[in-house]
Amino acid sequence: MFLTRFRMNTARTGARRLLSSPQVLHAAVMASFPGLLPTKAAVADDGPRVLWRLDQNARAEVLLYVVSPDRPDLTHLVEQAGWPAVADAQSPGWQTRPYAPFLDRLAKGQKWAFRLTANPVHDIRRKPDEPRKRTAHLTPVHQMGWLLDRQERCGFHVVEKPQSERLLPAGTTRRGHDHHGDRYRLTVGDRRGLAFDKGRGEGKRAGRVSIVTVTFDGHLEVTDPAVFRRALMQGIGKAKAYGCGLLTLAPLTGTE
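Calculation rules
- Residues numbered from 1 in each chain as written.
- Predicted model: local features only at pLDDT ≥ 70, side-chain atom pairs only at ≥ 80, totals over all residues.
- Heavy atoms only, no water.
- Helix = DSSP H or I, 4+ residues; strand = E, 2+ residues; numbered from the N terminus.
- Contact = heavy atoms within 4.5 Å.
- Areas by Shrake-Rupley, 256 points an atom, 1.4 Å probe, with all protein chains shown as cover.
- 1 Å grid on protein atoms, 1.4 Å probe; cavity = no way out; pocket = protein on both sides within 12 Å on 5 of 7 lines; lining within 4 Å.
- Points joined across faces, edges and corners; volume = space filled by probe spheres on them.
- Nonpolar A, V, L, I, M, F, W, Y, C, P; charged D, E, K, R; others polar.
- Salt bridge = Lys/Arg side-chain N within 4 Å of Asp/Glu carboxyl O.
- Buried < 20%, exposed > 50% of the residue type's maximum accessible area, 1.4 Å probe, protein only.
- Pairing = 2+ DSSP bridges.
- Axes fitted to C-alpha atoms, helices over the stretch in contact; angles between N-to-C directions.
- Core = buried A, V, L, I, M, F, W, Y, C linked by side-chain atoms within 4.5 Å.
- Phe/Tyr/Trp six-rings, centres within 6.5 Å; stacked < 30°, edge-to-face > 60°.

### A look at the overall build of the chain
Along the backbone of the chain there are eight helices and 11 strands. Nonlocal contacts in the chain, meaning residues at least 24 apart in sequence, comprise 70% of its contacts between residues at least 6 apart. Element-wise, carbon and sulfur atoms account for 51% of the exposed surface of the chain, whose accessible area totals about 14,600 Å².

Structure follows, in structure tokens:
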């Protein structure tokens, strides 16, 4: 497994084109792995898969993160959306590090800061005789609830705040954004509604894709290292081809 970071040169036309469509950016990411065949079997496999995410940091940099089973070659991205004039053999324009040693060191009880861009959805049926329809969660309370409902099956718990830091009294059962945000070290932001045309391929007809993404930031505690590693390698939730599902970790800077 490998973790890769690439900084987009947003002043370039190629970068703006990539950033305008998750479909186009996904194709560019997958082109970094010449030996990977985009077959249904590869996508459906329970093993590690290619995951990616776009982050914009406080300095207005746009960073592309990729987790992958194989080491990527992002030369084409440097040429389209990076700084090819300053790239060389020692610094090709991206940074890739082995990810497996870090995954192997994960242990029960460890606490980490985390970030996850996800597509929180649920299946609803408005009438008993209607088929279920996949629908996005649109409110912060339901988006947070979506992640909290998945934490155990993904091998972690979102860290709860000590009672001294909460505004609501102990035993409060009111469900709501204030309740989740007050109880857990968890925030949700950067909500985006994305709509784009899905290209044709293998006899499929082109169609319109609409998804809602949000970015979760918070603190977590590892409860099941093996299950947690699988979540880090396979992603969480739907729309993984469109920049969702990649959870990354960072050391906590304060005391817990």
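### Some words on the layout of surface pockets
Approximately 680 Å³ is the volume attributed to the second largest pocket. Looking at the second largest pocket, it is lined by 24 residues, and the ones nearest its centre are Leu 3, Tyr 65, Arg 97, Thr 248 and Leu 249. Listed by contribution, the elements that provide at least two residues to the lining of the second largest pocket are β1 (2-8), β2 (51-56), β3 (62-68), β4 (94-98), α5 (100-104), β5 (111-118) and β11 (247-250). For the lining of the second largest pocket, the element with the highest residue contribution is β5, accounting for four residues. Broken down by class, the residue content of the lining of the second largest pocket amounts to 13 nonpolar, four polar and seven charged.

### What to know about the pattern of salt bridges
With the rule as written, the count across this model stands at five salt bridges. Arg 53 serves as the salt-bridge partner of Asp 55, at 2.7 Å between the closest nitrogen and oxygen. In this structure Asp 55 comes out as buried when scored by relative accessible area, which is 9%. The exposure class assigned to Arg 53 is buried, which follows from its relative accessible area of 2%. The shortest N-O distance in the salt bridge between Arg 115 and Asp 217 comes to 2.7 Å.

### Quick notes on the environment of Asp 182
Tracing the backbone through its elements, the reader meets Asp 182 in helix α7 (residues 177-183). Overall, Asp 182 belongs to the buried group, its relative accessible area being 8%. When the C-alpha positions of Asp 182 and Glu 160 are compared, they lie 8.8 Å apart, and in sequence the two are 22 residues distant.

### Here's the deal with the sheet that holds β3
One open sheet holds the four strands; their spatial order is β2-β3-β1-β4, and the pairing between them is antiparallel. Sheet topology places β2 and β4 at the edges, where each strand pairs with a single neighbour. Neighbour-to-neighbour, the strand axes of the sheet open up by a mean angle of 15 degrees, direction not taken into account.

### Considerations on the nonpolar core
Counting residues in hydrophobic clusters, the biggest one holds 35 residues, and the most contacted among them are Phe 156, Leu 186, Phe 216, Leu 220, Phe 228, Leu 247 and Leu 249. Setting aside residues up to four positions removed in sequence, Leu 247 forms contacts with Arg 53, Tyr 99, Phe 114, Arg 115, Leu 116, Phe 156, Leu 220, Phe 228, Leu 232 and Ile 236. Membership of the second largest hydrophobic core comes to 18 residues, among which are Leu 25, Val 66, Leu 77 and Ala 81.

### Quick look at unusual backbone geometry
The backbone of Ala 239 shows a phi angle near 60 degrees, a positive value even though the residue is not glycine. Looking at where Ala 239 falls in the secondary structure, it is placed in the loop between α8 (225-234) and β11.

### Points about α8
The buried fraction of α8 is high, at seven of 10 residues. Taken together, the buried positions of α8 are occupied by Pro 225, Val 227, Phe 228, Ala 231, Leu 232, Met 233 and Gln 234.

### Here's the deal with the side chain of Glu 61
If you trace the backbone, Glu 61 turns up in the loop between β2 and β3. Filtering out sequence-adjacent residues up to four positions away, Glu 61 remains in contact with Arg 7, Asp 55 and Gln 56.

### As for the pairing of β5
With six of eight residues buried, β5 lies mostly within the body of the structure. One ladder, built from four bridges, connects β5 with β11; its direction is antiparallel. Bridging across to β11, Arg 115 finds its partner in Thr 248.

### Things to note about the environment of Phe 228
With respect to the element layout, Phe 228 can be found in helix α8. C-alpha of Phe 228 to C-alpha of Cys 154: the two residues are 74 residues apart in sequence and 5.4 Å apart in space. With sequence-adjacent residues up to four places away left out, Phe 228 is seen in contact with Leu 106, Cys 154, Gly 155, Phe 156, Leu 220, Val 222, Leu 247 and Leu 249.

### A few points about the packing of aromatic side chains
In this structure the tally under the stated criterion is five aromatic pairs. Where Phe 102 meets Trp 112, the ring centres are 5.2 Å apart and the plane angle is 75 degrees; that geometry is what we call edge-to-face. Taken together, the positions of Phe 102 in helix α5 and Trp 112 in strand β5 put the pair 10 residues apart, joining distant regions of the chain.

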